[in-house]
Amino acid sequence: PHIMSEYYRNTPEIIQMGLEDLRKAVKNEGIEIEIDAAAEYYMDEIFLEKVKAGEELLTFGDNYILVETGFINRPQMLLEIFFHLEMAGYKPVFAHPERYQYLVADKDLLQDLIDRNIIFQINLLSLTGFYSKQVKDFAETLLEKANVRFFGTDCHNSRYLDMLETLPKSKTFEKIRHSEWLNISL
Ligand SMILES: [Fe+2]
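Just so we're clear, the structure is a prediction, and the values are computed from it rather than from any experiment.

As a volume, the largest pocket reaches approximately 1,400 Å³. Lining the largest pocket are 38 residues, and of these Pro1, Leu66, Gly152, Thr153 and Asp154 lie nearest its centre. Within the residue set of the lining of the largest pocket, elements represented by two or more residues are helix H1 (12–28), strand E2 (40–42), strand E3 (64–68), strand E5 (119–123) and strand E6 (148–152). It is E6 that contributes the most residues to the lining of the largest pocket, 3 residues altogether. Its residues placed into classes, the lining of the largest pocket shows 20 nonpolar, 12 polar and 6 charged.

Moving on, we come to the environment of tyrosine 64. Among the secondary structure elements, tyrosine 64 is positioned in strand E3. Residue classification places tyrosine 64 among the buried residues on the basis of a relative accessible area of 7%. Each C-alpha atom of the pair tyrosine 64 and phenylalanine 138 lies 24 Å from the other, and the pair is 74 residues apart in sequence. Once residues within four sequence positions are removed from consideration, tyrosine 64 is found in contact with Thr59, Lys91, Val93, Ile119, Phe150 and Leu182.

The expected angle between donors at a tetrahedral four-coordinate metal is 109.5 degrees. At an octahedral six-coordinate metal it is 90 or 180 degrees. Protein ligation of the iron ion involves Glu40 (OE), Glu68 (OE) and His96 (NE2), the donor distances falling in the range 2.1 to 2.2 Å. Mapped onto the sequence, the residues coordinating the iron ion show the spacing E-x27-E-x27-H. Note that glutamate 40 is positioned in strand E2 and histidine 96 in the loop between strand E4 (91–95) and helix H4 (101–104), a separation of 56 residues in sequence. On the accessibility criterion, glutamate 40 (13% relative accessible area) is buried. Taking relative accessible area as the criterion, histidine 96 reaches 5% and is therefore assigned buried.

Among the 5 residues of E5, 5 are classified as buried, and the element is accordingly described as predominantly covered. With burial as the criterion, each face of E5 is covered, one bearing Ile119, Gln121 and Asn123 and the other bearing Phe120 and Ile122. Both E5 and E6 contribute to a ladder of 4 bridges, which runs parallel. Looking at the pairing, asparagine 123 lines up with glycine 152 of E6.

What follows covers the pattern of salt bridges. For the structure on display, the rule yields 11 salt bridges. With a shortest N-O distance of 2.7 Å, aspartate 137 and lysine 133 are connected by a salt bridge. Residue aspartate 137 and its partner lysine 133 are both found in helix H6 (residues 133–145); the two are separated by 4 residues, about one turn of the helix. The class of lysine 133 is exposed, set by a relative accessible area of 60%. If you follow the salt bridges from partner to partner, you end up with Glu20, Arg23 and Asp36 in one network.

As a further point, take the pairing of E6. Within E6, 4 of the 5 residues are buried, leaving the element largely enclosed by the surrounding structure. Read from E5 through H6 to E6, the crossover connection turns out right-handed.

Glancing now at the packing of helix H2 (residues 45–53) against helix H3 (residues 78–87). Interaxial distance between H2 and H3 falls to 9 Å at its minimum, and their mutual angle equals 20°. The angle between H2 and H3 falls in the class roughly parallel. In this structure, the crossing between H2 and H3 has a hand that is left-handed. Contacts between H2 and H3 pair Phe47, Leu48, Val51 and Lys52 from the former with Glu80, Ile81, His84 and Leu85 from the latter.

Bringing the sheet that holds E3 into the picture now. On the basis of which strands lie adjacent, the open sheet formed by 6 strands has the order E1-E2-E3-E4-E5-E6 and parallel pairing. In this open sheet, the two strands that pair with only one neighbour each are strand E1 (2–3) and E6. Bridge count between E2 and E3: 3 bridges; the pairing is parallel. What sits directly across from glutamate 40, in E3, is leucine 66.

Parameters and conventions
- Residues numbered from 1 in each chain as written.
- Predicted model: local features only at pLDDT ≥ 70, side-chain atom pairs only at ≥ 80, totals over all residues.
- Heavy atoms only, no water.
- 1 Å grid on protein atoms, 1.4 Å probe; cavity = no way out; pocket = protein on both sides within 12 Å on 5 of 7 lines; lining within 4 Å.
- Points joined across faces, edges and corners; volume = space filled by probe spheres on them.
- Helix = DSSP H or I, 4+ residues; strand = E, 2+ residues; numbered from the N terminus.
- Nonpolar A, V, L, I, M, F, W, Y, C, P; charged D, E, K, R; others polar.
- Buried < 20%, exposed > 50% of the residue type's maximum accessible area, 1.4 Å probe, protein only.
- Contact = heavy atoms within 4.5 Å.
- Donors = N, O, S within 2.8 Å, 3.2 Å for Na, K, Ca; no water.
- Pairing = 2+ DSSP bridges.
- Salt bridge = Lys/Arg side-chain N within 4 Å of Asp/Glu carboxyl O.
- Right-handed = clockwise from strand over helix to strand, strands pointing away.
- Axes fitted to C-alpha atoms, helices over the stretch in contact; angles between N-to-C directions.
- Parallel < 35°, antiparallel > 145°, perpendicular 65-115°, else oblique.
- Left-handed = near helix turned anticlockwise from the far one by under 90°.

Next up, the structure:
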């Protein structure tokens, strides 16, 4: 679930309650699956304040925290937030960077993130061309150049599932199949 100051006013408590409801529903259906929850934090000034204040944040695995930005403009405090997250002991995971237009257009910024060894999470759907050719091409570039360690589905409904089924046809499928995803460490 998103946590974004104005649009998604989620808290760890709300997400935890939703998780319990979901677990019950899954159990009632007799489906055996382990489900956990974290959050996707929007990187803005309010988030930076939370980090600096040492507020409780939802993490997953080995203290990973998923962070995202808007798709068009680079947030002013992007690098500052990464810095403070790391100072606070978190391992930030940059959500779907292949979809950020400001990053496609800014090779220096990309290199800076690579040099800082920021962990990237790519949406599998990006590799199918689901969003656009540009996103697909950039996702492939990131797989070559950046520290891509997590993959996500971005699955919001069954239409996304249909598209995910085309993934084995993508030219990067074999490569990602044999790469070391951190997903399996969760
Ligand atoms: Fe997102």
